[in-house]
Amino acid sequence: MQALALYVLAALAEIAGCFAFWAWFRLGRSALWLAPGMASLALFAWLLSLSPASQAGRAYTAYGGIYIAASLAWLWLAEGRRPDPWDLGGAAICLAGAALILWGPRAA
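This structure is a prediction, so every number in the text was calculated from the model and none was measured.

Draft legend 1. Region of the structure containing the overall build of the protein chain. Counting its secondary structure elements, the protein chain contains four helices and zero strands. The order of α-helices and β-strands along the protein chain, N terminus first, is α-α-α-α. Once the C-alpha set of the protein chain is aligned to its principal axes, its extents read approximately 50 × 35 × 20 Å. Sorting the 108 residues of the protein chain into buried and exposed places 27% on the buried side. Long-range contacts, defined as pairs at least 24 residues apart, comprise 62% of the intrachain contacts of the protein chain with a sequence gap of at least 6. By element, 71% of the accessible surface of the protein chain is carried by carbon and sulfur atoms, the whole surface being about 7,100 Å².

Draft legend 2. Quick peek at the nonpolar core. Formed by 15 residues in total, the largest nonpolar core has its most connected members in Y7, A10, F44, L47, L48 and Y63. Leaving out residues up to four positions away in the same chain, A10 has contacts with F44, L47, L48 and Y63.

Draft legend 3. Main features of the layout of surface pockets. There is about 210 Å³ of room inside the largest pocket. I15, C18, F19, W22, Y67, S71, L72, W74, L75 and E79 are the residues that line the largest pocket. Contributions of two or more residues to the lining of the largest pocket are made by α1 (2-26) and α3 (56-77). If you tally residues by element for the lining of the largest pocket, the top one is α3, at five residues. Along the lines of polarity and charge, the residues of the lining of the largest pocket split into eight nonpolar, one polar and one charged.

Draft legend 4. Seen up close, the UniProt feature "transmembrane region" (unreviewed entry) in the protein chain. The UniProt feature table records "transmembrane region" (unreviewed entry) at residues 30-48, 60-76 and 88-105. The span residues 30-48 is 79% helical and 0% strand by assignment, and the distance between its end C-alpha atoms comes to 28 Å. In residues 88-105, the share of helix is 89% and the share of strand is 0%. The end C-alpha atoms are 27 Å apart.

Here is what the cut-offs are and how they apply
- In this numbering scheme, every chain counts its residues from 1 along its sequence in written order.
- In view of the model being predicted, local features appear only for residues whose pLDDT reaches at least 70, and side-chain atom pairs are presented and counted only at 80 or more, with totals across whole chains, interfaces and linings using the full set of residues.
- Calculated side-chain values reflect all of the structure's heavy atoms, with hydrogen atoms and water omitted.
- Helix and strand assignments follow DSSP, with helices taken as H or I runs no shorter than four residues and strands as E runs no shorter than two, numbered in order from the N terminus.
- Three exposure classes are used, based on accessible area relative to the maximum for each residue type with a 1.4 Å probe and protein chains only: buried under 20%, partly exposed in between, and exposed over 50%.
- Throughout, a contact is declared for two residues whenever any of their heavy atoms are within 4.5 Å.
- The Shrake-Rupley method, run with a 1.4 Å probe, gives the accessible areas here. Residue values count only the displayed protein chains as cover.
- Residues grouped as a nonpolar core are buried Ala, Val, Leu, Ile, Met, Phe, Trp, Tyr and Cys residues, joined through side-chain atoms within 4.5 Å.
- Of the grid points, spaced at 1 Å and generated over the protein atoms alone, those admitting a 1.4 Å probe that cannot get out make up cavities, while open sets with protein on both sides within 12 Å along at least five of seven lines make up pockets; any residue with an atom within 4 Å of a point is treated as lining.
- Grid points are joined across faces, edges and corners, and a volume is the space filled by probe spheres set on the points.
- Gly is put with the polar residues, along with every residue not named as nonpolar or charged; the nonpolar set is Ala, Val, Leu, Ile, Met, Phe, Trp, Tyr, Cys and Pro, and the charged set is Asp, Glu, Lys and Arg.
- UniProt positions are given in the numbering used here, feature names are shortened, and annotations may be inferred rather than shown by experiment.

Next comes the structure, spelled out in structure tokens:
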């Protein structure tokens with residue numbers, strides 16, 4: 001469960017960092033949004049490097065499912081747009097895949 005919490009925190013940091021760039025570039029916000037955005041993206045990279053996975057590729061892949069679900073939560077909570085059933089179904093498939101990757105039995 002520690003890995004799951006780590007991935008959720010990493011997803012929030014990545015989404016916040018990317019949204020800062022989105023806000024500056026697409027929403028016309030001040031360039032001052034870029035500084036906390038870059039700090040948030042650095043935090044994301046550091047958090048993801050703490051993953052208990054033994055290979056970076058496996059850590060990134062498992063994280064991907066968490067990122068997708070967190071992005072839909074962002075869509076709903078920060079942008080006021082409720083995910084539709086297709087969004088939720090796709091996220092469920094991705095979370096199932098992330099769970100297989102993260103907790104699947106591995107040969108020693």
